[in-house]
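One letter stands for each residue in the lines below.
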Amino acid sequence: MIDKLEAQLRPPATELPPYPPKFLMLASGEKMVIRQAKREEVPFLLEVIRPLISVERDFYDLVAARMYAELLGWYRYRVKDEYCIVGAIDGVVAGIVNGRSMNPDQGMSYHTIAIKRGLRVGGHLFAAKMEYHIEIIGHKEVFIVAESPIGFRRWILEFTLEPRPEVWHELGGVPTYVLTEKLWYQHKARLVAGRRPVPEDLLKTSKNLKLPSEYSQLQYQKGGKT
Amino acid sequence: MRKVAVYGCGMNQFGMYEGGLVQMMAEVSLAAMDDAGVDKVDAVFVGNMGGGILNHQTGIASALVDCLSLYPAAAMLIENGPASGGAAVSAAFMAVASGLYDTVLVTGGEKMRTVSPWEVTDFVATLTHPEAEYIYGITLPALAGMFTRLYMEKYGVTAEHLAKVAIKNHLHALHNPYAHVQLAPVMEAILGSEDALVVNPYVADPLRFYDLCPVSDGAAALILSSPEVGNFKKPPVFIKGIGHATDTHTVHERKDPTDLTAVRLAAEKAYKMADLGPKDVMVAELHDPFTILEIAESEEVGFFPKGEGHLALERGDTSLGGSIPINPSGGLKAKGHPVGATGVAQICELVWQLRGEAGKRQVKDAKVGLAVNLGGFGNNVVVTILAREE
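Residues numbered from 1 in each chain as written. Chains lettered and ligands numbered in written order. Predicted model: local features only at pLDDT ≥ 70, side-chain atom pairs only at ≥ 80, totals over all residues. Heavy atoms only, no water.

S.K.: I keep staring at the overall build of chain B and nothing clicks. Help me out?
M.R.: The helix and strand tally for chain B stands at 14 helices and 11 strands. Taken over the C-alpha trace, chain B has a radius of gyration of 19 Å; the compact-globule value for 390 residues is 21 Å, and the two agree within 12%. Summarising its shape, the C-alpha atoms of chain B cover approximately 60 × 45 × 40 Å along the three principal directions. In chain B, once contacts between residues fewer than 6 apart in sequence are set aside, the share between residues at least 24 apart is 77%. Accessible surface, chain B as shown: approximately 13,900 Å² in total, 54% of it carbon and sulfur. Chain B carries 29 positive and 44 negative side-chain charges, and their two centres are separated by 6 Å. (Helix = DSSP H or I, 4+ residues; strand = E, 2+ residues; numbered from the N terminus. Rg over C-alpha atoms; globule rule 2.2 N^0.38 Å. Contact = heavy atoms within 4.5 Å. Areas by Shrake-Rupley, 256 points an atom, 1.4 Å probe, with all protein chains shown as cover. Lys, Arg positive; Asp, Glu negative; His and termini not counted. Charge placed at Lys NZ, Arg CZ, Asp CG, Glu CD.)

Below is the structure:
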């Protein structure tokens, strides 16, 4: 039961279709399961993200802080139609992406954070997020911005996104780029990996997510290594 | 001619460096000076290819001297494409051997991650022939792709051989704290898996992502002197031979484009000067920005007959523990290739190997080492031979 005021604070929710889990083999030979996160997993995901809020390098601080707030907003029912997808290797969270559905035709990409680095985990998860928007929800286009040079190269340049500066993105109106349905199918074979269904045993490993035992990014915290 | 030896080495972890180019080079220079136990030098030789283009900075040797308060040491910049580092070592060797200077600092450095990968590729392509190659859109990966295709057709090299070079060097790099990439790919994932086309995409067919070196910032430094000058903190590792050779600017003008003639000629000169041969070499650092080049160079320096380098690779001869370990540092492939630093970093690795300081990547009882630093697409090559004993 929620009280009347709380009910008024919550945005109306649209039922979004589930993202069917998939898996792929990374260059290291590790298998990463990509699956949708449940709302009740958010407190755990906040724990995963928290250490990165102090890492200036590669804009981890900005991305981590904003994703933290976005996921918290979803958990506390303050964002409409948000979703979250995670990548896990042996159950350990390797990366997280999130976004939201604006309406039946348009999606808003929020953030992509790679916990495990050097294996293009962020790129694979971003692709999964776009797959969710275009192929599962059925959006015609997704609004995207990049907050780091790495993100700009991975999303904006590699997917040759269409610039649409007149659109104000929810992350603050920075220049918006758009992934259209056409662009998605144009680049899918080259940039999107993963297979379905996920073998039962493998899927089971991602059921109870685990915290990373180390964050390579922490060596670059302020005052640390340059 | 005086004997010349390396007495000090310094290097940073290749990857992304957040400070400036000269600051990065100063840090490794100080490390090399500390290693040798010197606080002044007579001259500074700097290897750098792209300071003007990538970092909008020229006069880097003067800036380094100033940053380290080494005045009035002589200072000069040597730009020789990706062989800038090797050429700087060569120039420093001549300066000490001739008696012009007693103790010199050689520092190679490059800061490449200030621009996008596409801009880096274009920057490196400026070493190609402007009218015959560059204007047609040629890049170094494109040249390497064509070279690899020819090599495959002529000698039976396969995609698996190329991947084996990459995997071997990445495994070596796991033991090198200075290496840029600290993870090792596996064959199934980069060639066999259904995801391989995305995980390891084609860059310049038949070369794929894991056949190419990463784009890195990095610097390395050496202190060179002569035993006649006095004692240093560390024992000497002697530069026994240096060979330097060139070839046609454009690749298509070569009689057989699969021959790296300048590598062969530079190696012959270095062996002759050192009075040593390929069989005496116990560890090698070969210039492998593309996996195929390690195979081709291993043949041109005489370790294996032409066209059989890939067979030696298959046998495990070139892995740590093999008969002639190649690129125990991880090579350019995994350690990284900040172009101006590479030739100096190769010598650092060999010195550590010959001193017995290479940790888990140590080649057992290594006494003689060889480095190939290749500029252009094989048109300007420096081969250096080092030895523990005089």
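S.K.: I would appreciate a short explanation of the pairing of strand S1 (residues 5–11) of chain B in the present structure.
M.R.: Consecutive side chains of a regular strand alternate in pointing toward one face of the sheet and then the other. Residue and element names in this part refer to chain B. Where burial is concerned, most of S1 is hidden: 7 out of the 7 residues are buried. When S1 meets strand S8 (residues 237–246), the two strands line up antiparallel, connected through 2 bridges. When the bridges of S8 are listed, Ala-5 appears paired with Phe-238. (Buried < 20%, exposed > 50% of the residue type's maximum accessible area, 1.4 Å probe, protein only. Pairing = 2+ DSSP bridges.)

S.K.: Before we go on, may I ask you to explain the interface of chain B and chain A in this structure?
M.R.: Many structure descriptions define interface size as the accessible area lost when the parts assemble. Counting residues at the interface gives 22 residues for chain B and 25 residues for chain A. Surface buried jointly by chain B and chain A totals about 1,800 Å² across both partners, of which 58% is contributed by carbon and sulfur atoms. The interface formed by chain B and chain A holds 3 salt bridges in total. Arg195(A) serves as the salt-bridge partner of Asp195(B), at 2.6 Å between the closest nitrogen and oxygen. Residue assignment for the side of chain B that touches chain A shows that the elements contributing at least two residues are helix H5 (117–125), helix H8 (187–192) and helix H9 (196–199) of chain B. The residue makeup of the side of chain B that touches chain A, split by class, is 15 nonpolar, 3 polar and 4 charged. (Buried area = accessible area lost by both parts, 1.4 Å probe. Salt bridge = Lys/Arg side-chain N within 4 Å of Asp/Glu carboxyl O. Nonpolar A, V, L, I, M, F, W, Y, C, P; charged D, E, K, R; others polar.)

S.K.: Explain the packing of aromatic side chains to me, please; I cannot follow it from the model alone.
M.R.: We describe a pair of aromatic rings using the distance from one ring centre to the other and the angle between the two ring planes. Here the structure, examined in full by the defined rule, presents 13 aromatic pairs over all chains. The interplanar angle of 50 degrees and the centroid separation of 4.9 Å between the aromatic rings of Tyr151(B) and Tyr155(B) together place this pair among those described as tilted. Here Tyr151(B) pairs with Tyr155(B), and both are found in helix H6 (residues 140–155), just 4 residues apart, close to one helical turn. Taking the centre distance of 5.1 Å and the plane angle of 85 degrees together, the rings of Phe209(B) and Tyr210(B) count as edge-to-face. Of the aromatic side chains, those joined through ring pairs into one cluster are Phe126(A), Trp155(A), Phe159(A) and Trp184(A). Positioned above the aromatic ring of Tyr19(A), the side-chain terminus of Arg196(A) is 5.1 Å from the ring centre. Sitting above the plane of the Tyr202(B) ring, Arg208(B) keeps its charged end 4.6 Å from the centroid. (Phe/Tyr/Trp six-rings, centres within 6.5 Å; stacked < 30°, edge-to-face > 60°. Lys NZ or Arg CZ within 6 Å of the ring centre and 35° of its normal.)

S.K.: Would you take a moment to explain the pattern of salt bridges for this structure?
M.R.: When the charged atoms of two side chains with opposite charge come close together, those side chains can pair. Evaluated as defined, the whole model comprises 37 salt bridges over all chains. As a salt-bridge pair, Arg196(A) and Glu131(A) come within 3.0 Å of each other at their nearest N and O atoms. Of this pair, Arg196(A) sits in the loop between helix H6 (181–191) and helix H7 (200–205) while Glu131(A) sits in helix H4 (residues 121–137), placing them 65 residues apart in sequence. The class of Arg196(A) is partly exposed, set by a relative accessible area of 35%. Residue Glu131(A) is classed as buried on the basis of its relative accessible area of 6%. The residue Glu300(B) makes a salt bridge to Arg264(B) at a minimum N-O spacing of 3.8 Å. Taken together, the residues span a long stretch of sequence, with Glu300(B) in helix H11 (residues 291–300) and Arg264(B) in helix H10 (residues 261–274) at a distance of 36 residues. Residue Glu300(B) is classed as buried on the basis of its relative accessible area of 7%. With relative accessibility at 33%, the residue Arg264(B) sits in the partly exposed group. Taken together, the shared-partner salt bridges in this structure form one network comprising Asp259(B), Arg264(B), Glu268(B), Glu300(B) and Lys306(B).

S.K.: Which parts of the structure should I look at to understand the packing of H4(A) against H6(A)?
M.R.: Two packed helices can be described by the angle between their axes and the distance between those axes. Residue and element names in this part refer to chain A. Interaxial distance between H4 and H6 falls to 11 Å at its minimum, and their mutual angle equals 140 degrees. Between H4 and H6, the crossing angle belongs to the class labelled oblique. Classified by chirality, the crossing of H6 by H4 is left-handed. Between H4 and H6, the residues in contact are Ala-127, Met-130, Glu-131, Ile-134 and Glu-135 and Glu-181, Trp-184, Tyr-185, Lys-188 and Leu-191, respectively. Looking at the contact of H4 with H6 residue by residue, the class counts come to 6 nonpolar, no polar and 4 charged. (Axes fitted to C-alpha atoms, helices over the stretch in contact; angles between N-to-C directions. Parallel < 35°, antiparallel > 145°, perpendicular 65-115°, else oblique. Left-handed = near helix turned anticlockwise from the far one by under 90°.)

S.K.: Is there a simple way to explain the nonpolar core in this structure?
M.R.: In globular proteins that are soluble, nonpolar side chains generally tend to be buried together. All names here are of chain B. Core analysis: the biggest nonpolar cluster contains 54 residues, and Phe-290, Phe-303, Leu-370 and Phe-377 have the highest contact counts within it. Secondary-structure elements contributing two or more residues to this core are H5, H6, helix H7 (159–173), H10, H11, helix H12 (309–315), strand S10 (368–375) and strand S11 (380–387). Looking at this core element by element, the count peaks at 7 residues for H10. Non-local contacts of Phe-303, meaning those with residues more than four positions away in its chain, are made with Tyr-271, Pro-278, Val-281, Ala-284, Ser-298, Ile-324, Ile-326 and Leu-370. Formed by 41 residues, the second largest nonpolar core is a distinct cluster that contains Cys-9, Ala-97, Ala-220 and Ile-242. (Core = buried A, V, L, I, M, F, W, Y, C linked by side-chain atoms within 4.5 Å.)

S.K.: I would appreciate a short explanation of unusual backbone geometry in the present structure.
M.R.: Excluding glycine, a negative phi dihedral is what most residues carry, and trans is how most peptide bonds are arranged. Residue Arg196(A) is joined to Pro197(A) through a cis peptide bond whose omega torsion reads -5 degrees. Among the structural elements, Pro197(A) can be located in the loop between H6 and H7. The omega angle of the peptide bond from Tyr71(B) to Pro72(B) is 10 degrees, so this bond is cis rather than trans. By secondary structure assignment, the location of Pro72(B) is in the loop between helix H3 (60–67) and strand S3 (74–78). You will see that Arg120(A), though not glycine, has its phi angle at about 60 degrees, which is positive. Here Arg120(A) lies in the loop between strand S5 (106–114) and H4. On the accessibility criterion, Arg120(A) (21% relative accessible area) is partly exposed. Phi is positive for Asp275(B), which is not a glycine, with a value near 55 degrees.

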